[in-house]
Amino acid sequence: MLIYIVRHGETNSNDEGRLQGWSNDHLNDNGVKLALITGQRMQNVKFDACISSPLNRARETAEIILRESNNNIEIEYDNRIKEINMGDWEHKKIRPGECEIDEEALKKFFYNPLTFPGCPNGENTEQVCNRTQEFLKELVSRDDNKTYLVVTHGCALRAMLNYLYDNPNDFWQGHIPYNVSVSIVEGLGGEAKIIEHDKIYYDKSDAEDKYDI
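Residues numbered from 1 in each chain as written. Predicted model: local features only at pLDDT ≥ 70, side-chain atom pairs only at ≥ 80, totals over all residues. Heavy atoms only, no water.

Caption draft 1: Seen up close, the overall build of the chain. Scanning the chain from terminus to terminus reveals six helices and six strands. Counting from the amino terminus, helix and strand elements in the chain follow one another as β-α-α-β-α-β-α-α-β-α-β-β. Over its C-alpha trace the chain gives a radius of gyration of 16 Å, about what one expects of a compact globule, namely 17 Å for 213 residues. By its C-alpha atoms, the chain is 45 × 35 × 25 Å across when sized along the principal axes. Taken across its 213 residues, the chain has 55% of its residues classed as buried. Entry remark: accessible area of the chain is about 9,600 Å², with carbon and sulfur atoms responsible for 40%. Taking the average place of the 24 positive charges on the side chains of the chain and the average place of its 37 negative ones, the gap between the two points comes to 2 Å. (Helix = DSSP H or I, 4+ residues; strand = E, 2+ residues; numbered from the N terminus. Rg over C-alpha atoms; globule rule 2.2 N^0.38 Å. Buried < 20%, exposed > 50% of the residue type's maximum accessible area, 1.4 Å probe, protein only. Areas by Shrake-Rupley, 256 points an atom, 1.4 Å probe, with all protein chains shown as cover. Lys, Arg positive; Asp, Glu negative; His and termini not counted. Charge placed at Lys NZ, Arg CZ, Asp CG, Glu CD.)

Caption draft 2: Structural view of the packing of helix H5 (residues 125-140) against helix H6 (residues 154-161). In the contact formed by H5 and H6, the axes pass within 8 Å of each other and the chain directions differ by 65°. Between H5 and H6, the interaxial angle falls into the category roughly perpendicular. Taken as a pair, H5 and H6 cross one another with a handedness that is right-handed. For the pair formed by H5 and H6, the contact residues are Val-128, Cys-129, Thr-132, Gln-133, Phe-135 and Leu-136 on the first element and Ala-156, Ala-159, Met-160 and Leu-161 on the second. Considered class by class, the residues forming the contact of H5 with H6 number eight nonpolar, two polar and no charged. (Axes fitted to C-alpha atoms, helices over the stretch in contact; angles between N-to-C directions. Parallel < 35°, antiparallel > 145°, perpendicular 65-115°, else oblique. Left-handed = near helix turned anticlockwise from the far one by under 90°. Contact = heavy atoms within 4.5 Å. Nonpolar A, V, L, I, M, F, W, Y, C, P; charged D, E, K, R; others polar.)

Caption draft 3: Summary view of the environment of Thr-152. Note on placement: Thr-152 falls in strand E4 (residues 147-152). Separated by 14 residues in the primary sequence, Thr-152 and Glu-138 place their C-alpha atoms 16 Å from one another. Apart from residues lying up to four places away in sequence, Thr-152 is in contact with Ile-5, Val-6, Arg-7, His-8, Ala-58, Ile-81, Leu-157 and Met-160. A polar contact of 2.7 Å, which involves the side chain of Thr-152, links it to the backbone oxygen of Ile-81. (Polar contact = N/O pair within 3.5 Å; in protein donor to acceptor, adjacent residues only side chain to side chain.)

Caption draft 4: The arrangement of the pattern of salt bridges in detail. Scanning all chains against the criterion turns up 12 salt bridges. The shortest N-O distance in the salt bridge between Glu-60 and Arg-59 comes to 3.7 Å. Given the relative accessible area of 14%, Glu-60 is considered buried. For Glu-123, the salt bridge goes to Arg-131, with nearest N and O atoms at 2.7 Å. On the basis of relative accessible area, Arg-131 is assigned to the buried category, the value being 13%. Connected through salt bridges with shared partners, the residues Asp-78, Arg-80, Glu-134 and Glu-138 form a single ionic network. (Salt bridge = Lys/Arg side-chain N within 4 Å of Asp/Glu carboxyl O.)

Caption draft 5: Region of the structure containing helix H4 (residues 103-111). For H4, the full list of buried residues reads Leu-106, Phe-109 and Phe-110. Each buried residue of H4 lies within a common arc of 90° when the element is viewed along its axis, so the set occupies one face. Facing away from the buried surface of H4 by more than 90 degrees, the exposed residues are Glu-104 and Tyr-111. Between a side-chain oxygen at the N-terminus of H4 and the backbone nitrogen of Glu-104 the separation is 3.2 Å; the capping residue is Asp-102. (Arc of directions from axis to C-beta.)

Caption draft 6: Molecular detail of the sheet that holds strand E5 (residues 182-188). Read across the sheet, six strands follow the order E3-E2-E4-E1-E5-E6 without closing on themselves; strand pairing throughout is mixed. What marks the edges here is a single partner per strand, and that holds for strand E3 (75-77) and strand E6 (191-199). On average, each strand axis in the sheet is tilted by 20° relative to the strand beside it, whichever way the strands run. Bridge count for strand E1 (residues 2-7) against E4 is six bridges, and the pairing is parallel. Along E4, the bridge assignment pairs Leu-2 with Thr-147. Against the sheet, H5 makes contact with E1, strand E2 (49-52), E4, E5 and E6, and its axis sits at roughly 155° relative to E1, the strand it touches most. (Pairing = 2+ DSSP bridges.)

Caption draft 7: Region of interest: the packing of aromatic side chains. Summed over the entire model, instances satisfying the criterion amount to seven aromatic pairs. Centre to centre, the rings of Phe-109 and Phe-110 are 5.1 Å apart; their planes meet at 70°, and the pair counts as edge-to-face. The burial state of Phe-109 is the same as that of Phe-110; both residues are buried. Measuring from ring centre to ring centre gives 5.0 Å for Phe-171 and Trp-172, while their planes differ by 90°; the resulting arrangement is edge-to-face. With respect to burial, Phe-171 and Trp-172 carry one shared label: buried. In textbook terms, an aromatic cluster arises when at least three aromatic residues are bridged by ring pairs, as seen for Trp-89, Phe-109, Phe-110, Phe-116, Phe-171 and Trp-172. It is Lys-199 that lies over the ring of Tyr-201; its NZ or CZ is 4.9 Å from the centre. (Phe/Tyr/Trp six-rings, centres within 6.5 Å; stacked < 30°, edge-to-face > 60°. Lys NZ or Arg CZ within 6 Å of the ring centre and 35° of its normal.)

In structure tokens form, the structure reads like this:
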């Protein structure tokens, strides 16, 4: 089996350097454009099923990719692959000079996420690892020789794949996944391995880390 795991397209909150968490933002024009390009470049992929986070930015990304890649299938939704719950940090700006939350706590999230104690009234990274990896392991256990599209979020994607990376201690693997970047997992005999890491189907000049602190 093959599992294409995609981060959602860009939102205005991404562009403004705001944390989103469970906030239900929609894609902006650039997010739609990059999802369109990605879907069009994936027309050679026949998806048997699609599972998405229920949040708007993921759902809309899944809809665009399926439409543009000519895959006329229903989307299933799973709460386990929602983004980290940012609690009191939701929609707060975090860039230098305009940061609206405790900067030392924020640095812990970005530089030592595996020991991050959690957002106030939200989740910590370990909790996100637990629920997203439960989802992935359950999916891989089907061992059904199908091809899946899974649409999720930046932290959730890194958490989901953490146990499969060569160096799990490097949680972010160098950076937050770019919008609409694709990681491909192969499942065989109930075991999983990453065969493609952070692939983008659009021009590399459009790949930006919107949360460079």
